[in-house]
There are 2 protein chains.
Amino acid sequence: MWKPDRSIKQPIYQQITDYMEHRISFGEFPPGSVLPSERKLADLLGVNRSTIVQAYEELRASGLVESAKGSGTRVSMHKWGITPKQTPNWKQYAEGGTFLPNLPFIRRIREELRNRESIIDFASGELSPDLFPNAIIRDLLQNKPFQEHLGYEDPQGFSPLRSSLVSFLEQHLHIHATDSSILITSGSQQSLFLITQCLLSPGDAVAIEDPSYCYSLPMFQSAGLRLFRLPVDEHGINPEDILTLYRRHRIRMIFVNPNFQNPTGSTLTLERRVRLLEIASELGVPIVEDDPFTLTALDGNPPPTLKSLDTTGNVLYIGSLSKIAASGLRIGWLIAPQAVVSRLTDARQQMDFGLSSIPQWVATQFIEEGHFENQIIKLREALLEKRNEMIRGLQQLIQENVSFTPPQGGLNMWCKINGSVDDFKLLDEAIKKGVIFVPGSVYGSDHGYIRLCFARPQLDEIMPGLNLLKEALQLPCLVRSSRIPAAFT
Amino acid sequence: MWKPDRSIKQPIYQQITDYMEHRISFGEFPPGSVLPSERKLADLLGVNRSTIVQAYEELRASGLVESAKGSGTRVSMHKWGITPKQTPNWKQYAEGGTFLPNLPFIRRIREELRNRESIIDFASGELSPDLFPNAIIRDLLQNKPFQEHLGYEDPQGFSPLRSSLVSFLEQHLHIHATDSSILITSGSQQSLFLITQCLLSPGDAVAIEDPSYCYSLPMFQSAGLRLFRLPVDEHGINPEDILTLYRRHRIRMIFVNPNFQNPTGSTLTLERRVRLLEIASELGVPIVEDDPFTLTALDGNPPPTLKSLDTTGNVLYIGSLSKIAASGLRIGWLIAPQAVVSRLTDARQQMDFGLSSIPQWVATQFIEEGHFENQIIKLREALLEKRNEMIRGLQQLIQENVSFTPPQGGLNMWCKINGSVDDFKLLDEAIKKGVIFVPGSVYGSDHGYIRLCFARPQLDEIMPGLNLLKEALQLPCLVRSSRIPAAFT
Ligand SMILES: Cc1ncc(COP(=O)(O)O)c(C=O)c1O
Ligand SMILES: Cc1ncc(COP(=O)(O)O)c(C=O)c1O
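Calculation criteria
- Residues numbered from 1 in each chain as written.
- Chains lettered and ligands numbered in written order.
- Predicted model: local features only at pLDDT ≥ 70, side-chain atom pairs only at ≥ 80, totals over all residues.
- Heavy atoms only, no water.
- Helix = DSSP H or I, 4+ residues; strand = E, 2+ residues; numbered from the N terminus.
- Rg over C-alpha atoms; globule rule 2.2 N^0.38 Å.
- Contact = heavy atoms within 4.5 Å.
- Areas by Shrake-Rupley, 256 points an atom, 1.4 Å probe, with all protein chains shown as cover.
- Lys, Arg positive; Asp, Glu negative; His and termini not counted.
- Charge placed at Lys NZ, Arg CZ, Asp CG, Glu CD.
- Domains from an automatic or database assignment.
- Core = buried A, V, L, I, M, F, W, Y, C linked by side-chain atoms within 4.5 Å.
- Buried < 20%, exposed > 50% of the residue type's maximum accessible area, 1.4 Å probe, protein only.
- Axes fitted to C-alpha atoms, helices over the stretch in contact; angles between N-to-C directions.
- Parallel < 35°, antiparallel > 145°, perpendicular 65-115°, else oblique.
- Left-handed = near helix turned anticlockwise from the far one by under 90°.
- Nonpolar A, V, L, I, M, F, W, Y, C, P; charged D, E, K, R; others polar.
- Pairing = 2+ DSSP bridges.
- Arc of directions from axis to C-beta.
- Near = heavy atom within 4 Å.
- Polar contact = N/O pair within 3.5 Å; in protein donor to acceptor, adjacent residues only side chain to side chain.

Observations regarding the overall build of chain A
Tallying secondary structure elements over chain A gives 18 helices and 16 strands in all. Computed over C-alpha atoms, the radius of gyration of chain A comes to 25 Å, within 12% of the 23 Å expected from 2.2 N^0.38 for 489 residues, which places it in the range of a compact globule. Dimensions along the principal axes, computed over C-alpha positions, put chain A at roughly 75 × 60 × 50 Å. Here the analysis covers contacts within chain A between residues at least 6 apart in sequence; of these, 72% occur between residues at least 24 apart. Put simply, chain A shows about 18,000 Å² of open surface, and 50% of that area lies on carbon and sulfur atoms. Seen as two clouds, the 49 positive and the 54 negative side-chain charges of chain A have centres 7 Å apart.

Focus: the domain arrangement of chain A
Here chain A is partitioned into domain 1 (12-94), domain 2 (104-125 + 374-488) and domain 3 (146-369). The gap between the C-alpha centroids of domain 1 of chain A and domain 2 of chain A is 37 Å.

A closer look at the nonpolar core
Counting 175 residues, the largest nonpolar core has Leu169, Trp333 and Leu452 of chain A together with Leu169, Trp333 and Leu452 of chain B as its most contacted members. If near-sequence neighbours (up to four positions away) are discounted, leucine 452 of chain A is found in contact with Phe122, Met390, Leu394, Leu411, Asn412, Met413, Cys415, Phe437, Leu466 and Leu469 of chain A. Leu183 and Phe353 of chain A together with Phe220 and Phe353 of chain B belong to the second largest nonpolar core, which has 70 residues in total.

Focus: the packing of helix α1 (residues 12-25) of chain B against helix α3 (residues 49-61) of chain B
Residue and element names in this part refer to chain B. One way to put it is that α1 packs onto α3 with a least axis distance of 8 Å and a crossing angle of 50 degrees. Here α1 is positioned oblique relative to α3, judged by the angle of their axes. Crossing angle aside, the handedness with which α1 passes α3 is right-handed. Along its contact with α1, which presents Ile12, Tyr13, Gln14, Ile16, Thr17, Met20 and Glu21, the element α3 presents Thr51, Ile52, Gln54, Ala55, Tyr56, Glu58 and Leu59. A class-by-class count of the residues in the contact of α1 with α3 yields eight nonpolar, four polar and two charged.

Notes on the sheet that holds strand β12 (residues 402-404) of chain B
Residues and elements named next belong to chain B. Reading across from one edge, β12-β13-β16-β15 is the order of the four strands in this open sheet, with antiparallel pairing throughout. The open sheet terminates on both sides in strands that have one partner only, identified here as β12 and β15 (438-439). Note that strand β13 (residues 412-417) and strand β16 (residues 449-453) share five bridges and pair antiparallel. When the bridges of β16 are listed, cysteine 415 appears paired with isoleucine 450.

Description of helix α6 (residues 134-143) of chain B
Those residues of α6 of chain B lying buried are Ile137, Leu140 and Leu141 of chain B. Around the axis of α6 of chain B, the buried residues are gathered within 95 degrees of arc, so they sit on the same side. Elements in contact with the buried residues of α6 of chain B: α6 (134-143) and α15 (357-368) of chain A together with α15 (357-368) and α16 (371-398) of chain B.

Some points on the site of ligand 1
The local shell around ligand 1 holds 15 residues, among which Ser188, Asp290, Ser320 and Ser322 of chain A together with Tyr152 of chain B are the closest. Those chains with residues close to ligand 1 are chains A and B. Here an oxygen atom of ligand 1 sits 2.5 Å away from a polar atom, N or O, in the side chain of serine 322 of chain A. Computed on the free molecule, ligand 1 has an accessible area of 400 Å², of which 97% lies beneath the protein chains in the complex. Elements with a minimum of two residues in the shell around ligand 1: α8 (187-198) and α13 (322-326) of chain A. At three residues, α8 of chain A tops the list of elements feeding residues into the shell around ligand 1. Looking at the shell around ligand 1 residue by residue, the classes come out as five nonpolar, seven polar and three charged.

So this is what it looks like as structure tokens:
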């Protein structure tokens, strides 16, 4: 990213004026669009706000931009005397399409995380950077010559990776797959995307857990699906609820995350698992098992997956390396019947032509050279330590404010806030204090819950982070409102 | 992929029986679905067809599968005595969704290429493997330690890559971009996908070249767009046609591939370029410039891009490393105004969480270490040689059958077949002879054209390939039918 050059004679504000003029004239900010706020641009370029004020002043003087009441600085409609006959109305184009934007709260959180490096992050549902197998992957890249084809890769996925996954899944999860039944995707995320886009039609009813990661994804609404809720208790969903939903709405698919569920951390009991499979098979309704967390089981005893118990082929299984190795590899997979694999392979071929061979090759080597076993042992130890620290912190600092059930795996702690608290207001205040989390409502739950990820912060950030949260919780302004965002009603 | 083990005592047919039983019981082939044909499975596993016949015989004897008249071998509805109450109707699910499958001819071609290694490939629009910078990328991976973050990458793209592209675009294409105006995508393909999904709404009218790469992509129809044609002659589209289309259909976007167009190879004249920009700006309609080929200019003098002439910001520019370095990196980019970049970044974040950092880092190093200059010089030499060989072959072998204009860049030779020939029938016959190409109708053109990619085959395969094509062309059965696939009417 461009930064002003402090070693040259031209004053910083002048360099910034030129830079912004360049961006405007190049069309990045078309006539009528709003420039970044002075504070934001100052942060981005690492200069004082007053420098930006001066640069914007220059731009205003040249007629290129103008101040707009309440909406900051705007690019003039008549720039340099040339009136572009008509620039496309980019704002309107950007509002087009059937694909809905991310929830405002998700965008807000992402924005805060990007702009404020010092904030303590209980929001991102991922591992801290030190928990990735950094050294192993670096060594692997350096010591193993890359000899693979650099052309378009098979859109179903790099064939050696599919073969490695067959053994991996058998060994670690007792799932019997064949390499032709596996589709490699960009994380679990793309598997979910392909399923919602290609196997379901607008108007189809689907059942999803409540709360659920899926509610945080406008992807489901973008596909025009009607969402029905399966309430999650300490032991996951109650399978009998599916019968009721099916009778009323003829649901076409069931989405579940049975092990260490995101966000609640709950795990479906074996009894409920068996019943769920029974009901799905009776109704002929497929189950999508979204399973990123099973191998994080803190006691080293992963609960069985639905897929490993599935005798009728009703389960579409989605896995990923994101939460157990490295999310930046973008390696996930779907195990499905032939007809589904070929349909989704065909669709993804059109969308992105498949994944690069390089990270697929890295993932293959990582698994084949036996690094996974060590990685998962280290990871569990670290996660256990972090989870325990978070339990300790919650008990010591805000015992009277929250209730929670310690999760036995996964990355998150799901906390109920005792008393009447608006989780969005709490988020506002917490951000001001310097700590960030995800409000429970993002996952479709009622107000008064928050999701704290214990995997993302460093061990020694957990206590200070909870202290800041405590301060926020004690603010008198946190009275509960009944405002619930439209998407979740 | 699983293969029978010839070193063990169990007979091959028995191993295959067990393997298929496993695939069936695991749900990959649900009750009622059709197994691969005996010939196909034999090819895949590298055994005689009679071995497969024997294996299928065993499966039939066990009641697991049954012969179905005219449709091969089917999995029985009652397997092992257990009647699954209802398996999901996977076939029906696979037909769901709003996203249309690839054209049957594209699937057919892909299938043939996968199953027959010896076929001469004039169909795949890509470089032959030896033209990728294989050694450089291998060295780079080995000698440069990978120190980047292995967590979720910025969904807008790896920031150092965006910075490198700013200089790359300036230096090679005279395009002024800033790193905040660039979105990195999985090839150009994903840029096109995001634009059709997120900037346009169902029912919107768009103008595309005729013939055009875009016609080969059901993606445009999947987004519900109404497509209107801009006929391409030797010098590209005629901009005045846009005015007519606009008046009649209020087109909302114009898709063009101005340099070395796929499939025709034609390049828009400077005069038409200027007029195109003028008209687009007058109408306030954005132009999408899909530009994978400019730097392949065989004479080393790349024609100007529209983006470099764009003074009003009407052009959304799409580029890619696929045709000039390596398609397996899956690195493409879109240059667009702020509002568009943030909308598409947000959408792609939901679809795939962004690209892996590893290939993005590789692409950055490749550009930063100055390897591109050499790569492009070598590439142009090789492409020139292959193009010349193809011209020679066409002239020597089938001069009386085809007419063509030698392309000055890109990867393809667009040939008109003289006389009445059905291009789909010709494809059938050519495949039987051992050579494959893409029928022109796939690109929306009338029958009687074919696209021959000269970049994909090896230099010494071009002449033999054209010889086989000649044999196919001489078959008496090639009378023209009027069958035109529905998608192109
Ligand atoms: C339940 C669940 N599914 C899917 C994903 C997507 O992850 P990825 O695409 O990195 O595998 C996440 C990420 O947080 C998740 O929590
Ligand atoms: C005109 C054109 N655009 C886009 C693409 C997509 O290529 P990629 O996604 O590899 O950049 C191609 C590939 O053949 C093409 O010919």
